[in-house]
Structure formats: structure tokens, C-alpha cells
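Residues per chain are reported as follows:
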Amino acid sequence: TETLREYAGKRHRNIGVAVHNSFFMDGTNEQYLKILKEEFNTVVAENATKPYMMEPERGTFVFSRADKLAGFAEQNGMKMRGHCLVWHKQIPKWMNNDQLSQEELLSVLKEYITTVVGHLKGKVYAWDVVNEAIDENEPDHYRKSVWMKVIGPGYIDSAFVWAHQADPDALLFYNDYGAEAMNAKSDAVYELVKGMKDRGIPIDGVGLQCHFQVGKIDFDGLKKNMQRLEDLGLQTQITELDISIDTGKENAQTLKQQADAYGKLARIWLEDQNCTAFMIWGLSDQYSWIPSFSNNKRGTPLLWDENFNKKPAYYQVLNQLKEA
Ligand code: G3I
């Protein structure tokens, strides 16, 4: 049978999926693993390589999960993305502490990045170095995370510099949501990364998360934004794609709309050699973060349904890959 991976491979394109927590607890079923390696050539951990998992206590690094995924990727000829080094969520309590001095938090951050990126050197081909640092509603556009509050905006440049020192070959990304099309947030992201380029900071690209809803996607705006980032000399990647449907409205028509949207996005990716990955945020609807996050107002956002049956959206992505 035909697979996404087969056609993506022919076109030398990266197509991937976020790997669920159960994989790291040996709780993933055979069907899940089979689909994962047959259909995709790239993986990223949905949660397991975030700081709360990697350095739960200060100075105690836990590499087992990251190593497990890196080993799986290597065994199956897949690439791995690293997600994510600096974020305001899913950091251990001891780190998320604005009582630490600036000097101390800087050294915590430097040690974290140097240790984690160094450990996975050559295994992770691209890192989300800084995730979701922009809040376009703040006067200065910086989210008031512990990093911003204690260190100031310079933490972003520093994180990229340290990551680059630890693995000069890894691609380094700034990653965010809601900044896919042309809007106030993507303008702020653009200003941030333009400034970084001007200052000679080693940033390779911008991750566009793409947590979308059926019927609410601005495809032309997305293309324009991708183009302006390319004009800055940056790659783009679609890093966390899912397209949810309102609960109660899952029917043949909305599943078809969802499929068409996935197809259009796959086409945008395939037509743009500067958009270097197409990553879907989960494999089966059974494991998606969307229902619990939305209080069950939305769901069914992925390519496989809860029973691992391929949905219309799967076939649309496959068709785009075949036609590309
Ligand atoms: O591990 C605990 C478990 O012990 C407990 O029983 C359970 C009860 O709720 O919670 C579990 O933790 C959850 C964790 O996922 C692991 O499943 C958290 O509550 C839950 O908030 C957390 O959600 C993750 C979310 O990031 C956190 O903000 C999602 O799985 C993950 O998909 C999501 O991923 C983010 C990207 O990293 C960045 N971009 C946005 C994207 C979606 O929010």
C-alpha cells in the first residue's frame, strides 16, 4: 500500500508527527508504532523532551525519553525535531522561579541548553529553541514569562547562541502559534526575527504551529507570511498542524472540509521548497490534546480516527504528495 512517507521520500520532503506520551511509557500499541514508522520520516516528542521532563530537579537531567525517541528515529531512518528548549509552560517549578537572580537564571538556562543540545548533538536535526515568546498584546510584544521577567528580552538571543555552540549543525527555530497568517502577532514575530538576523544571531527559521479550525484558515495570509520570512533569509516549517472540528458537528461534510484544508496546506508546503517540514500534532484523534484543552468543545483534528482508521484528510495529504 502507498504511504505518505514513500511519496515524501521521493520528493525529499520531511513529513512528521508528534509522538504521544504513551510511547515513552512503553504503552503505545503495535498499530500506533506501525503507522508511525510506515507513514512518517520525522518525529518530535509531544511532551517528553520539554524541560519539566528533562531537568525535573536542578542538576538532574533525565535523558531516557529523549534517547528512546532518538534511537527509534535512528533505527527507522527518521529525523527528529527537538521541542522545546525555552518556553513559559511545562518547566519544572524550581526553574519557573522569579525569585532567582538574573545571573542565576542565566546560568540555569545556559546549563540546560548546553547539556540537552549537547547530549542530542547529531541526533536532533532541528530545535525549537524559543517557543511562544511573543504576546502581541503587551506594549513591548514580549510575553511576561519567568525568562522575560528575570533576564529580559536578551534571553532569546542568548538561547540561540548557546544552542548553536552546543550543536553547530542543528537548525534553530523560533516557534509560535497564531502567527501563521498576516496579523499583529506575526508582525511582532517578524520584527523579532528580523532583529535577530540583523544582530547576527544564529537563527535558521520560524516554526508556524498551525493549530487550526475547520473553516477558519487564511491560506493566502499564510503564504504571504511564509514569503516575507523567506525574504529575511529564514526557512519556515509547519510544526504542529491540527485542524479541529466543533464537537457535535463531525459529519461527512465537515470531514470533507477538514480534508480539503489539509490538502491545501500540504500543497502550500509542497510548492514551497523553503518550507522544510510538515509536522502534524499527533497521530490518532484518540490522543489529541484538543478535546481536553477546549473542554470538549472541539476535537477530531488529525489524520487517523480514534480506531486508527484513515480519515478523508489522510487521503487528501497523500494525493497532494502523489501529484507534487
Ligand atoms: O502528566 C499528567 C498526568 O500525570 C495527569 O494525570 C494528567 C491529568 O490532567 O495531566 C498530565 O499532564 C498533561 C500533559 O499534557 C501530559 O499529558 C497536562 O495536564 C496537559 O496540560 C499537557 O498538555 C500539553 C500542552 O502542550 C501543555 O501546554 C499537550 O499534551 C501538548 O500537546 C501541548 O503541546 C503544545 C506545544 O508544546 C507548544 N505549542 C502548543 C501545543 C498545544 O498546546
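Scope of this entry: the structure provided in the associated data block. (Residues numbered from 1 in each chain as written. Predicted model: local features only at pLDDT ≥ 70, side-chain atom pairs only at ≥ 80, totals over all residues. Heavy atoms only, no water.)

Moving on to unusual backbone geometry. Across the junction of H83 and C84, the peptide omega takes the value -10 degrees, indicating a cis bond. Checked against the element boundaries, C84 lands in strand β3 (residues 79-86). Non-glycine residue N295 carries a positive phi angle of around 50 degrees. As for its placement among the helices and strands, N295 is situated in the loop between α11 (290-293) and β10 (298-299). Residue class for N295 comes out exposed when judged on its relative accessible area of 62%. Backbone geometry places N296, a non-glycine residue, at a positive phi of 60 degrees. By relative accessible area, which is 52% here, N296 ends up exposed. (Helix = DSSP H or I, 4+ residues; strand = E, 2+ residues; numbered from the N terminus. Buried < 20%, exposed > 50% of the residue type's maximum accessible area, 1.4 Å probe, protein only.)

Near the ligand lie 15 residues; those nearest to it are E46, K50, H83, E132 and E240. Within the side chain of K50, one N or O atom sits 2.7 Å away from an oxygen atom of the ligand. Here the ligand, which alone exposes 790 Å², has 51% of that area covered by the protein. Here the shell around the ligand is built from residues that sort into three nonpolar, seven polar and five charged. (Near = heavy atom within 4 Å. Polar contact = N/O pair within 3.5 Å; in protein donor to acceptor, adjacent residues only side chain to side chain. Areas by Shrake-Rupley, 256 points an atom, 1.4 Å probe, with all protein chains shown as cover. Nonpolar A, V, L, I, M, F, W, Y, C, P; charged D, E, K, R; others polar.)

To continue, consider the state of the cysteines. Taken as a whole, this structure holds zero disulfides when the rule is applied. Cysteine C84 remains unbridged, with the sulfur of C210 as its closest cysteine sulfur at 16 Å. Take C275: it sits in no disulfide, and the sulfur closest to it among the cysteines is that of C210, at 8.0 Å. (Disulfide = S-S within 2.5 Å.)

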